[in-house]
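One letter stands for each residue in the lines below.
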Amino acid sequence: MKCPHCGEFIPMDLSQPLVRRPDPTPVRWPLAKEFMSLVWMLDGSVLDATLLCMLAEDYVLKRRSSYRDLATRSNGAFGRAVIQRSLERLKAHVADGRVARLIDPGDDEDDQVRVVNLTLLRRLVTEQSDEFDAIFLWLQELADDNFRNALVLFLLLQAGADRKPQKLTGWKTVKLSGGVYAHPGELIRSLRSLAPVHGGGLVQRPEYRYWSIDSRMMNELLAQRAQTWLARGATPDPWEAGLQLALAEGSSPEAGAA
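From a predicted model like this one, the values you see are computed outputs, not experimental measurements.

Notes on the overall build of the chain
Now for step 1: The helix and strand inventory of the chain stands at 11 helices and 5 strands.
Now for step 2: Within the chain, buried positions represent 48% of all 258 residues.
Now for step 3: Expressed as a percentage of contacts within the chain between residues at least 6 apart in sequence, the contacts between residues at least 24 apart total 68%.
Now for step 4: Surface summary for the chain: the accessible area is close to 13,400 Å², and the carbon and sulfur share equals 50%.

Next comes the structure, spelled out in structure tokens:
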């Protein structure tokens, strides 16, 4: 509402339920926090994190996988060209100011067992795991696998935008994004893509610079995603087996040095 004295917008409590994270049985993404920590440490690239976990699975099981095999196991998430670009990024990944060899930087031949630095991988998946929640992966589904848009939804949810409209603008918010956004304009573009001009989006804009989450719509869509997942047989994501194996595997002599 508008203040009758100064005309400024005063955010009021929204008459709607709070956002509820689906809680299916079996639990979906039991390693969600660890995976999101890995995604964050790989500059927000879900594809790179997924491929790294799949390579770790091959490495632990001493299994050879061709580009075709990896593409098939990814459930269509990436093909040969995407895999090659992702491999180059993983080879060149820099951590702590130096090149950390997440995977062996040698010749990348198809159909080979690629050496994965399990010690470093385990460190990356635990460094920021306490800062994430499984809701992030649900939000990423709602954002059509757009990590940046999912991050905006997550920031709004953390700010309580399902309870009352929140002001979200400026460099302070960019800082909250952890460097994923470099300029406020980029963040605002994501907000606008989530809040169509004519309404009907997950995000609403009741006033200039104020944003709120349509929790009824979000809860309905989240419930649909959970039901769809269960109807498909509750199959795990392509990264889950590799991440579980990497965390369970002891320190490997071949992969110990970064």
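Picking up after the structure, the text goes on.
Quick word on the side chain of Ser86
Now for step 1: Within the element layout of this structure, Ser86 appears in helix α4 (residues 80-91).
Now for step 2: Separated by 2.6 Å, the side chains of Ser86 and Asp48 make a polar contact.

Thoughts on unusual backbone geometry
Now for step 1: Note that the residue after Thr25, namely Pro26, is joined by a cis bond; omega there is 5°.
Now for step 2: With respect to the element layout, Pro26 can be found in the segment before α1 (32-41).
Now for step 3: Of note in this structure, Asn75 is not a glycine but carries a positive phi near 60°.
Now for step 4: Inspection of the secondary structure assignment puts Asn75 in the loop between α3 (67-73) and α4.

Quick notes on the pairing of strand β5 (residues 210-213)
Now for step 1: The two faces of β5 match: Tyr210 and Ser212 on one face and Trp211 and Ile213 on the other face are all buried.
Now for step 2: Strand direction decides the pairing type here: strand β4 (residues 203-207) and β5, joined by 3 bridges, are antiparallel. When the sheet's bridge partners are listed, Glu207 is paired in β5 with Tyr210.

Quick word on the sheet that holds β5
Now for step 1: Here 3 strands make up an open sheet; going across it, the order is β3-β5-β4 and the pairing antiparallel. Where the open sheet ends on each side, the last strands, each with one partner, are β3 (166-167) and β4.
Now for step 2: As paired strands, β3 and β5 are joined by 2 bridges and run antiparallel to one another. Looking across to β5, one finds that Gln166 is bridged to Trp211.

Concerning the packing of aromatic side chains
Now for step 1: Counted according to the given criterion, the structure contains 5 aromatic pairs.
Now for step 2: A centroid spacing of 4.9 Å and a plane angle of 70° characterise the contact between Trp29 and Trp138, whose relative ring orientation is edge-to-face. With a gap of 109 residues between them, Trp29 in the segment before α1 and Trp138 in helix α6 (residues 135-142) connect regions that are remote in the sequence.
Now for step 3: Aromatic pair Phe136 and Phe147: ring centres 5.4 Å apart, planes at 35°, arrangement tilted. With Phe136 in helix α6 and Phe147 in helix α7 (residues 147-159), this pair connects stretches of sequence that are 11 residues apart. Summarising the burial analysis for this pair, Phe136 and Phe147 share the class buried.
Now for step 4: Put simply, the rings of Trp40, Phe136, Phe147 and Phe154 touch in pairs and so form one group of aromatic residues.

Observations regarding helix α2 (residues 46-61)
Now for step 1: A rise of 1.5 Å per residue sets the reference length of α2, with its 16 residues, at 22 Å; its end C-alpha atoms lie 23 Å apart and thus fit the reference within 8%.
Now for step 2: A large share of α2 lies buried, amounting to 14 of its 16 residues.

Side note on the pattern of salt bridges
Now for step 1: Applying the stated criterion to the full structure yields 11 salt bridges.
Now for step 2: The salt bridge involving Lys164 is made with Asp13; its shortest N-O contact spans 3.8 Å. Of the two residues, Lys164 is situated in the loop between α7 and β3 and Asp13 in the segment before α1; the sequence distance between them amounts to 151 residues.
Now for step 3: Take Asp13: its relative accessible area is 60%, and that puts it in the exposed class.
Now for step 4: Here Asp48 ties to Arg89 by a salt bridge, and the two come within 2.8 Å at their closest N and O atoms. Here the residue Asp48 occupies a position in helix α2, and Arg89 occupies one in helix α4, the gap between them amounting to 41 residues.
Now for step 5: The buried category is assigned to Asp48, whose relative accessible area is 4%.
Now for step 6: Counted as one network, the salt bridges with shared partners bring together Glu57, Asp58, Arg63 and Arg73.

A look at the packing of α6 against helix α10 (residues 215-231)
Now for step 1: Two elements in contact, α6 and α10, have axes whose closest approach is 10 Å; the angle formed by their N-to-C orientations is 95°. Compared by their axis directions, α6 and α10 come out roughly perpendicular. Between α6 and α10, the residues in contact are Ile135, Trp138, Leu139, Glu141 and Leu142 and Met218, Leu221, Leu222, Arg225 and Ala226, respectively.
Now for step 2: In terms of residue class, the contact of α6 with α10 is made up of 8 nonpolar, no polar and 2 charged.

Scoring rules and cut-offs
- Residues numbered from 1 in each chain as written.
- Predicted model: local features only at pLDDT ≥ 70, side-chain atom pairs only at ≥ 80, totals over all residues.
- Heavy atoms only, no water.
- Helix = DSSP H or I, 4+ residues; strand = E, 2+ residues; numbered from the N terminus.
- Buried < 20%, exposed > 50% of the residue type's maximum accessible area, 1.4 Å probe, protein only.
- Contact = heavy atoms within 4.5 Å.
- Areas by Shrake-Rupley, 256 points an atom, 1.4 Å probe, with all protein chains shown as cover.
- Polar contact = N/O pair within 3.5 Å; in protein donor to acceptor, adjacent residues only side chain to side chain.
- Pairing = 2+ DSSP bridges.
- Phe/Tyr/Trp six-rings, centres within 6.5 Å; stacked < 30°, edge-to-face > 60°.
- Expected span 1.5 Å × (residues − 1).
- Salt bridge = Lys/Arg side-chain N within 4 Å of Asp/Glu carboxyl O.
- Axes fitted to C-alpha atoms, helices over the stretch in contact; angles between N-to-C directions.
- Parallel < 35°, antiparallel > 145°, perpendicular 65-115°, else oblique.
- Nonpolar A, V, L, I, M, F, W, Y, C, P; charged D, E, K, R; others polar.

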